[in-house]
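Commentary on secondary and tertiary structure
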Amino acid sequence: MAGHECNGDCSHCAHAAEENAESPACLVRKNLARVKNSVVVMSGKGGVGKSTVAANLAAALSLAGCKVGLLDVDVHGPSIVEMLGLRGKPLMATEDGRIRPVDAAGVAVMSAGLAVSDPDAAVVWRGPMKIGVIQQFLSQVDWGPLDWLVVDVPPGTGDEPLTTCQLLPDPLGAVVVTTPQRVAAADVSRSLAFCDQLAFPVLGIVENMSGFVCPHCGKRVEVFSTGGADALAEKYDVPVLGRIPLDPRVCASGDAGVPFMASAADTPVGEAFAAIVEKLQKAADERA
Ligand code: ADP
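So, here's what we can say about the structure. (Residues numbered from 1 in each chain as written. Predicted model: local features only at pLDDT ≥ 70, side-chain atom pairs only at ≥ 80, totals over all residues. Heavy atoms only, no water.)

**A word on the nonpolar core**
Put simply, the test is: Put simply, buried Ala, Val, Leu, Ile, Met, Phe, Trp, Tyr and Cys residues joined by side-chain atoms within 4.5 Å make one nonpolar core. Remark: exposure states derive from per-residue accessible area (1.4 Å probe, protein chains only) relative to the maximum for the residue type, with buried under 20%, exposed over 50%, and partly exposed in between. Put simply, DSSP H or I for four residues or longer makes a helix, DSSP E for two residues or longer makes a strand, and each gets a number counted from the N terminus.
Core analysis: the largest hydrophobic core is formed by 43 residues, its most contacted members being L70, W148 and F273. With eight residues, the single largest contributor to this core is helix α3 (residues 50-63). Core analysis: the second largest hydrophobic core is formed by 39 residues, V35, I99, V153 and V188 among them.

Right, dumping it as structure tokens:
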């Protein structure tokens, strides 16, 4: 399916006959025809701040004046709902029977956590169910016209990242999140190898929890050992998009359900996200 433009009108599409127009890939392409750039935020392992980066990246893009959607396909641990204070928000249907995303300060959000009745219950789903839900999110959510669709996939290289990367039409690429220590490199290495195998473009690496600036004395402390992101960037010939420092306010904001970016423009974390946004916009401009 990849490689041809879709204007959403299958009746004039030369590919519709050769590729079943009702196939998931075709339905997704049609539904996302008005999405300019899609980015998948992935990581090799959990706990590195992937969802935090996805939520704040979406907020930062929105603050930069873009129309942004954020899709959380982490079926087993959908933390975006909590991080954006969306728990209990009901899902509504559009007039044409599609699903309307939920608004979080201007960002259109859809999450597996919004689709289950009890967000605290364990979701025990096998691959085919997860694949079906992701297909639905991509083909039946009314995203409308978007400058950016940011997709938060669970850590690793399982069904969810695979389905997402295979279905997203003309993606701008992956943002791979890691932490600075070299032991994180092996896990991230697998994410980069996964992208290589799928021929999925990689925009670069974000090093999260990268140092800590003491709020009392202003001195920077490297909490973890350093060099992990640089070593990977060199090995896979991809850029380091940015380094986001540890800041207790990032954690507090996530717990309070507000992205830190909403009030953080002049902090080192805010500046790091703004710099990443600039690089993503440059990549989008170069492709356009
Ligand atoms: P993942 O999606 O990789 O599992 P999360 O985004 O859920 O990780 O982050 C794990 C925890 O770390 C959360 O409590 C989050 O608020 C916190 N966190 C993430 N990045 C930072 C940071 N730069 N500074 C402080 N806390 C952070």
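**Brief notes about the site of the ligand**
Formally: Working definition: residue near molecule or strand if any one of its non-hydrogen atoms lies within 4 Å of it. Any pair of nitrogen or oxygen atoms within 3.5 Å is treated as a polar contact; in protein, a donor-acceptor pairing is required on top of that, and neighbouring residues in sequence qualify only through side-chain atoms on both sides. Using a 1.4 Å probe, the Shrake-Rupley method yields the accessible areas, and only the shown protein chains count as cover for residues. A cavity here means a set of points on a 1 Å grid, drawn over the protein atoms and nothing else, where a 1.4 Å probe fits but cannot get out; a pocket is an open set with protein on both sides within 12 Å along at least five of seven lines, and a residue lines either one if it has an atom within 4 Å of a point. By definition, a pocket or cavity contains a molecule when more than half of the molecule's atoms lie within 2 Å of the pocket's grid points. In this classification, Asp, Glu, Lys and Arg are treated as charged, Ala, Val, Leu, Ile, Met, Phe, Trp, Tyr, Cys and Pro as nonpolar, and every other residue, Gly included, as polar.
Around the ligand, a shell composed of 15 residues is seen, among which G47, K50, S51, T52 and N208 lie nearest. In the environment of the ligand, an oxygen atom lies 3.1 Å from a nitrogen or oxygen atom belonging to the backbone of V48. Between T52 and the ligand, the recorded distance is 2.6 Å, taken from a side-chain N or O atom to an oxygen atom. The fraction of the free accessible surface of the ligand (570 Å²) that becomes covered by protein chains is 80%. At a threshold of 2 Å from the grid points, most atoms of the ligand map onto the largest pocket. When contributions to the shell around the ligand are tallied by element, the ones reaching two or more residues are α3, β9 (202-213), β11 (240-246) and α10 (248-256). Element by element, the count of residues in the shell around the ligand is highest for α3, at three residues. Here the shell around the ligand is composed, by residue class, of seven nonpolar, six polar and two charged.

**Quick notes on the packing of α3 against helix α11 (residues 268-287)**
To be explicit about the condition: Axes, fitted as lines to C-alpha atoms, cover a helix only where it is in contact. Angles between the N-to-C directions of the axes lie from 0 to 180 degrees. Here the word oblique covers every angle except those under 35 degrees (roughly parallel), over 145 (roughly antiparallel) and from 65 to 115 (roughly perpendicular). In this description, contact between two residues means that some pair of their heavy atoms is separated by no more than 4.5 Å.
For the pair α3 and α11, interaxial distance at closest approach is 10 Å and the crossing angle is 70°. Put simply, α3 runs roughly perpendicular to α11. Residues T52, V53, N56, L57, A60 and L61 of α3 form the contact with α11, whose own contacting residues are F273, I276, V277 and L280. Looking at the contact of α3 with α11 residue by residue, the class counts come to eight nonpolar, two polar and no charged.

**Here we look at the pairing of β9**
For clarity, the threshold we go by: Here the rule is simple: two strands pair whenever DSSP picks up at least two bridges between them.
Sheet topology places strand β8 (residues 173-178) next to β9; five bridges connect them, and they run parallel. Bridge assignment links T178 to a residue of β9, and that residue is E207. Across five bridges, the pairing between β9 and β11 is parallel. By the bridge assignment, E207 is partnered in β11 with R243.

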